[in-house]
Each structure stands twice: as structure tokens, then as C-alpha cells.
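Geometric and topological summary
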2 protein chains.
Amino acid sequence: MAATQQYVYPDQDEIRIEAVLAALADPVRLDMVRQLAQSGTEISCSGFDVAVTKSTLTHHLRTLREAGVIMGRQQGTARYNSLRRKDLDELFPGLLQGVLAARR
Amino acid sequence: MAATQQYVYPDQDEIRIEAVLAALADPVRLDMVRQLAQSGTEISCSGFDVAVTKSTLTHHLRTLREAGVIMGRQQGTARYNSLRRKDLDELFPGLLQGVLAARR
DNA sequence: GTCATTGTTCGATGGTTGTCGTAGTTCGAT
DNA sequence: ATCGAACTACGACAACCATCGAACAATGAC
């Protein structure tokens, strides 16, 4: 199922800081978040520049989604992912900014 | 060895964001950091209010120390731990603030 | 319909980690 | 010098997790 399935995203008040931190702690996922933040737009699954297989990428996207870090929009066979920046900034003001300020 | 041993702390420029995030992602460690931030002072190992055994506490303190989140000062048999707030704020401005803003 | 593209799901696997109990070490006080 | 208090170190164990390959599902194009 490449597309039809509808995912459940945590409401803003269901986002837990521990889950967000754990999601951001992995190098691959942190890189994905950086790419999302830097692009400022949506990125399709295949659009991420990461050195893992498709199935591993799906795993990371699910982790980020369930933590409340990203949202997904379906279009055709493609799924476009975007940062939940507003939700995160409201809940944890400064967190994303601080994380993204880290030198790579 | 309760005291004599000198630990090596990462220099500020050796602190990696991934390690900091992983250190903060654990509920017990996050709670310890919250206690440090709220108290504004040092807390001895036995001064933390956590529901784990001493050996587990030592493990968490080591994780926080090696990630660059805390420093330790030896005095007698006690080790006083403090937040490396200045180092973290300089490296990742807003991160600590955002994490601490999270509702418990 | 057939096929390529896109993404998910399902084991399996190896590595990491949080937890504990036990033992050991250092320091200060008696 | 003996004792207790404060931590640390080590081994063990269960749980979790990042990774992959292979198989599957849905969409769009031909």
C-alpha cells in the first residue's frame, strides 16, 4: 500500500518531549529533519538524501511521525512529508532552533 | 572509588548534538536535568529524586557526563553535579529552554 | 491489461541500553 | 582501625532499535 492508507498523527497536546528527543537523537533522522528545515517545503520519501534502504527510511519516517515531528500528505503514489514546526515551536520554544544551530 | 578518580569531560567543541539529545531522551535523565535546572545549584548523586537504584543512577550520570550535559565536582565522598548550561546554550541556543518548557 | 514507480509490511539479526545485585573503593567520623 | 556513607565497576539479563532483504500494495502511464 503505497498511498491509500490514512495515518494517525498525534494531536499537539499528545506530543511528548521524550519521544521528540528520541526521534531527533538518531543521526539519520536528525539529518532528515535538517533537510526538511533547510528546504522549508515538503520532501517526498524518495527525496531524502540518506544512506539507508527504503524499508529503513520508512521506519525512520514512522518514528518521526509517531513522535509528532512530521506530517505526511498523500499525492498519487508519493507521500510528501513536512515539519510540524508550528506545533513544536509552540510546545518547546527554541528546541528546534537550538538543534538546527548545531554544527554538523 | 567514591571520589579520587578524575573524570574526563568533553570540551565544549566536542559536544555532539546527537549525544545530548540521546541523553535527554530518557525519562529518568530528563527528570534529573529538570531538577538541576530548577534548583539552579549543584545536586549530589544521592540528592536526586529518582526511582532507580544507585548503580543505575551512576549509569545515568555517566551518560549525562559523557554527553557533555553535566559536570561533577568532588568534595569528600560526595560528588556534586551541575548543568553545563553555558556550554549548551552557546552551542544550541534555545534547546535547553525548549526542553524545560515541556509540560510534565 | 502490463509495467514501472513509490512506499509499506514482515521477519530476522546484531548491537545498544536501561535495569539490577553484588562487590569494591574512597573518605570522614568515631 | 573500624565503621558507615557515598559512589563506582562489573556481570547479567531483558527489552528495545537500526538495519536489511524480500514480498506486497497502490497508483499512474503506456
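Before reading on, note that the structure itself is shown above.
What this report covers is the structure whose coordinates are included nearby. (Residues numbered from 1 in each chain as written. Chains lettered and ligands numbered in written order. Predicted model: local features only at pLDDT ≥ 70, side-chain atom pairs only at ≥ 80, totals over all residues. Heavy atoms only, no water.)

Focus: the relation of the copies chain B and chain A
Mapping chain B onto chain A is achieved by rotating through 180° and translating by 0.0 Å along the same axis, at an RMSD of 0.0 Å. Both copies are brought into coincidence by an operation consistent with a two-fold rotation axis. Looking at the interface residues of chain B, 100% of them are also at the interface in chain A, so both copies use one shared face. (Least-squares fit on C-alpha atoms with pLDDT ≥ 70 in both. Contact = heavy atoms within 4.5 Å.)

What about the sheet that holds strand 3 (residues 78–83) of chain B?
Residue and element names in this part refer to chain B. The strand order across the open sheet formed by 3 strands is 1-3-2, and the pairing between neighbours is antiparallel. Strands at the two margins of the open sheet, each flanked by one partner only, are strand 1 (43–44) and strand 2 (70–75). Here 2 bridges tie strand 1 to strand 3, and the two strands are oriented antiparallel to one another. Bridge pairing links Ile43 to Asn81 in strand 3. (Pairing = 2+ DSSP bridges. Helix = DSSP H or I, 4+ residues; strand = E, 2+ residues; numbered from the N terminus.)

Some details on the pattern of salt bridges
All names here are of chain A. Counted by the stated rule, this structure contains 8 salt bridges over all chains. Two residues, Asp31 and Arg104, come together in a salt bridge whose shortest N-O distance is 2.5 Å. On the criterion of sequence distance, the pair formed by Asp31 in helix 2 (residues 27–39) and Arg104 in the segment after helix 5 (95–101) is long-range, its members being 73 residues apart. Among the residues examined, Asp31 registers a relative accessible area of 18% and is labelled buried. Relative accessible area serves as the criterion here: at 70%, Arg104 is assigned to the exposed category. In this structure, Asp87 and Arg84 form a salt bridge, with 3.0 Å as the shortest nitrogen-oxygen distance. Summarising the burial analysis for this pair, Asp87 and Arg84 share the class buried. (Salt bridge = Lys/Arg side-chain N within 4 Å of Asp/Glu carboxyl O. Buried < 20%, exposed > 50% of the residue type's maximum accessible area, 1.4 Å probe, protein only.)

Remarks on the nonpolar core
Nonpolar side chains tend to gather and get buried jointly when the protein is soluble and globular. Counting residues in each nonpolar core, the largest one holds 57 residues, and the members touching the most others are Val69 and Phe92 of chain A together with Val69 and Phe92 of chain B. Filtering out sequence-adjacent residues up to four positions away, Val69 of chain B remains in contact with Val20, Ala23, Leu24, Val33, Leu64, Ser82, Leu83, Arg84 and Leu88 of chain B. (Core = buried A, V, L, I, M, F, W, Y, C linked by side-chain atoms within 4.5 Å.)

Some details on the sheet that holds strand 3 (residues 78–83) of chain A
Two modes of strand pairing occur in sheets, parallel and antiparallel, and in both the strands are linked by backbone hydrogen bonds. Residue and element names in this part refer to chain A. The strand order across the open sheet formed by 3 strands is 1-3-2, and the pairing between neighbours is antiparallel. Either end of the sheet is taken by a strand with one partner, and the two such strands are strand 1 (43–44) and strand 2 (70–75). In the packing of helix 2 onto the sheet, contacts are made with strand 1, strand 2 and strand 3, and the angle to strand 3 comes to roughly 80°. (Axes fitted to C-alpha atoms, helices over the stretch in contact; angles between N-to-C directions.)

Considering the pairing of strand 3 of chain A
Residues and elements named next belong to chain A. Only one face of strand 3 is covered, namely the one carrying Arg79, Asn81 and Leu83; the face carrying Ala78, Tyr80 and Ser82 has none of its residues buried. Relative to strand 3, strand 2 is paired through 6 bridges, and the arrangement is antiparallel. Its bridge partner lying in strand 3, Gln75 is registered against Ala78. Remark: 2 residues form the turn of the hairpin made by strand 2 and strand 3, two consecutive strands paired antiparallel; Gly76 in that turn has positive phi of roughly 65°.

Quick look at the packing of helix 2 (residues 27–39) of chain B against helix 3 (residues 54–67) of chain B
Residues and elements named next belong to chain B. Look at helix 2 against helix 3: their axes get within 10 Å of each other, and the N-to-C directions meet at 70°. Relative to helix 3, the element helix 2 is oriented roughly perpendicular. Listed contacts from helix 3 to Val28, Arg29, Met32 and Val33 of helix 2 are Leu57, His59, His60, Leu61, Thr63 and Leu64. Across the contact of helix 2 with helix 3, the residue classes break down as 6 nonpolar, 3 polar and 1 charged. (Parallel < 35°, antiparallel > 145°, perpendicular 65-115°, else oblique. Nonpolar A, V, L, I, M, F, W, Y, C, P; charged D, E, K, R; others polar.)

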